[in-house]
2 protein chains.
Amino acid sequence: MESFSFELIAQDGAARAGVFHTPHGDLLTPVFAPVGTQATVKAITPRQLEELQASLVLANTYHLFLRPGDELVAEMGGLHRFMNWPNPILTDSGGFQVFSLADIRKVDADGVSFKSHIDGSARRLTPESSIQIQQNLGADIIMAFDECAPPYDREYNIQAMARTHAWAERCLNAKTRSDQALFGIVQGGIFPDLREESAKVIGSMDFPGIAIGGLSVGESKAEMHAMLELLNPILPANKPRYLMGVGSPEDLVNGVMRGIDIFDCVLPTRLARHQAVMTHHGRLNMLNAIFAHDERPIDSECKCYTCQGFSRAYLRHLVVAKEMLASTLLSIHNIHTLVSLSRMMRQAIIEHKFSQFSSEYITGYFGTTQNSLQQEGL
Amino acid sequence: MESFSFELIAQDGAARAGVFHTPHGDLLTPVFAPVGTQATVKAITPRQLEELQASLVLANTYHLFLRPGDELVAEMGGLHRFMNWPNPILTDSGGFQVFSLADIRKVDADGVSFKSHIDGSARRLTPESSIQIQQNLGADIIMAFDECAPPYDREYNIQAMARTHAWAERCLNAKTRSDQALFGIVQGGIFPDLREESAKVIGSMDFPGIAIGGLSVGESKAEMHAMLELLNPILPANKPRYLMGVGSPEDLVNGVMRGIDIFDCVLPTRLARHQAVMTHHGRLNMLNAIFAHDERPIDSECKCYTCQGFSRAYLRHLVVAKEMLASTLLSIHNIHTLVSLSRMMRQAIIEHKFSQFSSEYITGYFGTTQNSLQQEGL
């Protein structure tokens, strides 16, 4: 792991500010990673991502394995060069998509056989092949192949967790590149005893970082928070912690409050394609007719390209006219919201003001409605 | 017309290099204007347009009149501010779209009644209302309301031309803003005597620029060239000439060779959305499987953002995966091709090498096929 190290810069309660050194640059944590499923963050160029100061991008192993194929990406010099993103990249293991998107034929002790959702072709992923694919893709942070079970099914979670632990060991053994950091994944559904066991097993293995999987997949926010509070003292303090698939502003604050360092989510770009924007004070639907004559930007305090140049009236016009630029401009704003929130949280932790920051943020977030935002001149 | 003036810098044969001064900056001619139909060049931000050095953008009066409405645009400070484009803008008169897109109820001496293609509502455009709408939109260059007839129908063209001339006079009378340059439009189909008459009538009116309408609407290239050669000596030399709706690379060269200064076309952005790219050596279809493993950019000599950072293999992947970024990156390249071609032509004219440049360009353009491009390592 010579290429990677994690430094804790400051701590405030359970909240942590750190630096994760990677071969493609330092990640200042807490950090939010926008998702580039098919080796592109939808509707955004890499230059635009850099302009809004995103530092880490996630790409999906499942999708790239099926199309264009990991070997092609390797032949093209790896993901960084293929998608023209010079900064850190994280790939997931493919496990989650196999279980959520594909038509599964068979899960066995060795791996998963499934049919591609694109062309129905028979495919197989094992811990070893997932690592091989991720080595071909060449991301800085790669993930152990795991099984994500439905959160409330105890019997399923016991089996899936056992497989996840066995597969974690096999992933560690399969990995050969020293310029990639392999993270293990904690599973266990909403069951405290299983989560505790999983955190101990994965936490004791030789992973430079720990991911928490299987949350944000149907359980309540209260259950997610309880799980994070349970895991916080068990997980090794000196390793970055990555809460997979989580990404609303309030989720980021709640995660950081409970010791999380890294987040990823499709939410900012998916909301943008459905004309919704996230701000530090709540969501707005840009199709809303109240914006038709509104000269103000989405958020008058926001420094993103969209808010610096375009009115709500113009953005609503793009949405109504079904122009592609709507997805681009709203994605830029939404990603910027999460990137700037991460930066604000880091600063608050360093200044030991996180508790105040987080309670004010959550109050401001839930204390306003779309109409009050409107009246307040947000 | 104090805000506008046209200087001829150099001439080489019929080809002209000039500067058209506008309130939002100088246009160096020959110039190609990408089309932003609904107040956005599809899939491109204004910042990206500036990065690729586009200087003039066209927006469609018909579309903006229907949605979001010219009064809304005026209320938002006009088109420049609404679409966040600080450089020159040109609006057409709405005439062409009324005749090509709308369900026409009635053309009379006073104007055209039609149904909106969006919601079927009854609408009307007259010379006076077209000018009023264009004054609300606030572009630098605006167009007289005209009637574009099918090119081969002589009787129709006689009537349409007479209406176009009468309406041109009414447009001049209706115009009140001094910060907009109103161009007249020459019509007459493929009939030399009608075109000659129209050029004389429109050329003698008090327009600071002359547009040529009704070409590139179904007639052959040879007929278009013959019309331009006929018009060149008739049109006033001291006014910029705008060939409407024309925009392949070879069309630009052929137009400049025959005295044209300004072009606009949806071609670069429309082709991009259909995965085709234009280069200085011909077109490529990026869906083609021969590009699957091709590490080279679209055009290794091109300086655009797309060619500086992305391989054909990656672009093909985006096209196959139906990612929005494909439209963005291919549009950037295609617009850059026409913008850089315009710049090369201007330079060749200034150096009195246009005849050589144009014959080499046309030969290179038609002398290569997609496969030979491939082998040549374009």
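Here the structure is a predicted model, which means the values were calculated and not measured.

Participant: Just to check I follow, could you spell out helix α14 (residues 324-350) of chain A for this structure?
Facilitator: Counting along an α-helix, one turn takes 3.6 residues, and residues three or four places apart therefore face a common direction. Taking 1.5 Å of rise per residue, 27 residues should cover 39 Å, and α14(A) covers 40 Å from first to last C-alpha, within 8% of that figure. A positive backbone phi angle near 55° is found at His352(A), which sits one or two residues after α14(A).

Participant: I keep staring at the relation of the copies chain B and chain A and nothing clicks. Help me out?
Facilitator: For the pair of chain copies, the relating transformation is a rotation about an axis with a translation along it. Superposing chain B onto chain A takes a rotation of 180° plus a shift of 0.0 Å along the axis, which leaves an RMSD of 0.0 Å. A rotation of that kind, with that shift, is consistent with a two-fold axis. Taken together, the interface assignments show that 100% of the residues at the interface of chain B recur at the interface of chain A, consistent with an identical surface on both copies.

Participant: Would you take a moment to explain the packing of helix α10 (residues 249-257) of chain A against α14(A) for this structure?
Facilitator: When two helices pack together, their arrangement is given by the angle between their axes and by how far apart the axes lie. Residue and element names in this part refer to chain A. In contact at an axis separation of 10 Å, α10 and α14 are set at 25° when each is read in the N-to-C sense. Considered as vectors, α10 and α14 are oriented roughly parallel to each other. The handedness of the crossing between α10 and α14 comes out as right-handed. The residues of α14 that touch α10, namely those facing Pro249, Leu252, Val253 and Val256, are Thr337, Leu338, Leu341, Ser342 and Met345.

Participant: Teacher, can you tell me more about the pairing of strand β11 (residues 181-186) of chain B here?
Facilitator: In regular strands, side chains alternate between the two faces of the sheet. Residue and element names in this part refer to chain B. Counting buried positions over the six residues of β11 gives six, a clear majority of the element. Neither face of β11 is left uncovered, since the one carrying Ala181, Phe183 and Ile185 and the one carrying Leu182, Gly184 and Val186 both have all their residues buried. The sheet contact formed by strand β10 (residues 141-143) and β11 spans three bridges and is parallel. Note on β11: the bridge partner recorded for Ile141 is Ala181. Sheet topology note: the β11/strand β12 (residues 209-212) ladder contains four bridges and is parallel. The residue of β12 that forms the bridge with Phe183 is Gly209. Handedness of the β11-helix α8 (residues 192-204)-β12 crossover: right-handed.

Participant: I keep staring at the environment of Asp26(B) and nothing clicks. Help me out?
Facilitator: Residues and elements named next belong to chain B. Within the secondary structure layout, Asp26 lies in strand β3 (residues 25-29). Note: C-alpha distance between Asp26 and Arg346 (320 residues apart in sequence) is 14 Å. The residues touching Asp26, leaving out its near neighbours within four places in the chain, are Val19, Phe20 and His21.

Participant: Can you walk me through the domain arrangement of chain A in this structure?
Facilitator: Frequently, the measure chosen for interface size is the accessible area removed from exposure when the parts meet. Residue and element names in this part refer to chain A. For chain A, the assigned domains are domain 1 (5-265) and domain 2 (272-376). Placing the centre of domain 1 and that of domain 2 at their C-alpha centroids yields a distance of 27 Å. Facing 28 residues of domain 1, the contacting portion of domain 2 comprises 28 residues. Residue assignment for the side of domain 1 that touches domain 2 shows that the elements contributing at least two residues are β1 (5-12), β2 (15-22), β4 (31-34), α1 (46-51) and α10. A per-class count over the side of domain 1 that touches domain 2 returns 18 nonpolar, five polar and five charged.

Participant: Can you help me understand helix α6 (residues 127-137) of chain A in this one?
Facilitator: Residues and elements named next belong to chain A. Here α6 lies mainly inside the structure; eight of its eleven residues are buried. Taken as a whole, α6 has its buried residues at Pro127, Ser130, Ile131, Ile133, Gln134, Gln135, Asn136 and Leu137. Looking at the residues trailing α6, positive phi occurs at Gly138, about 85°.

Participant: What exactly am I supposed to notice about the interface of chain B and chain A here?
Facilitator: Counting from both sides, the interface comprises 32 residues of chain B and, opposite them, 32 residues of chain A. Contributions of two or more residues to the side of chain B that touches chain A are made by α3 (70-75), α12 (305-309), α13 (312-320) and α14 (324-350) of chain B. Considering only residue class, the side of chain B that touches chain A consists of 16 nonpolar, ten polar and six charged.

Procedures and definitions
Residues numbered from 1 in each chain as written. Chains lettered and ligands numbered in written order. Predicted model: local features only at pLDDT ≥ 70, side-chain atom pairs only at ≥ 80, totals over all residues. Helix = DSSP H or I, 4+ residues; strand = E, 2+ residues; numbered from the N terminus. Expected span 1.5 Å × (residues − 1). Least-squares fit on C-alpha atoms with pLDDT ≥ 70 in both. Contact = placed C-beta atoms within 7 Å. Axes fitted to C-alpha atoms, helices over the stretch in contact; angles between N-to-C directions. Parallel < 35°, antiparallel > 145°, perpendicular 65-115°, else oblique. Left-handed = near helix turned anticlockwise from the far one by under 90°. Buried ≥ 20, exposed ≤ 12 C-beta atoms within 10 Å, placed from the backbone. Pairing = 2+ DSSP bridges. Right-handed = clockwise from strand over helix to strand, strands pointing away. Domains from an automatic or database assignment. Nonpolar A, V, L, I, M, F, W, Y, C, P; charged D, E, K, R; others polar.

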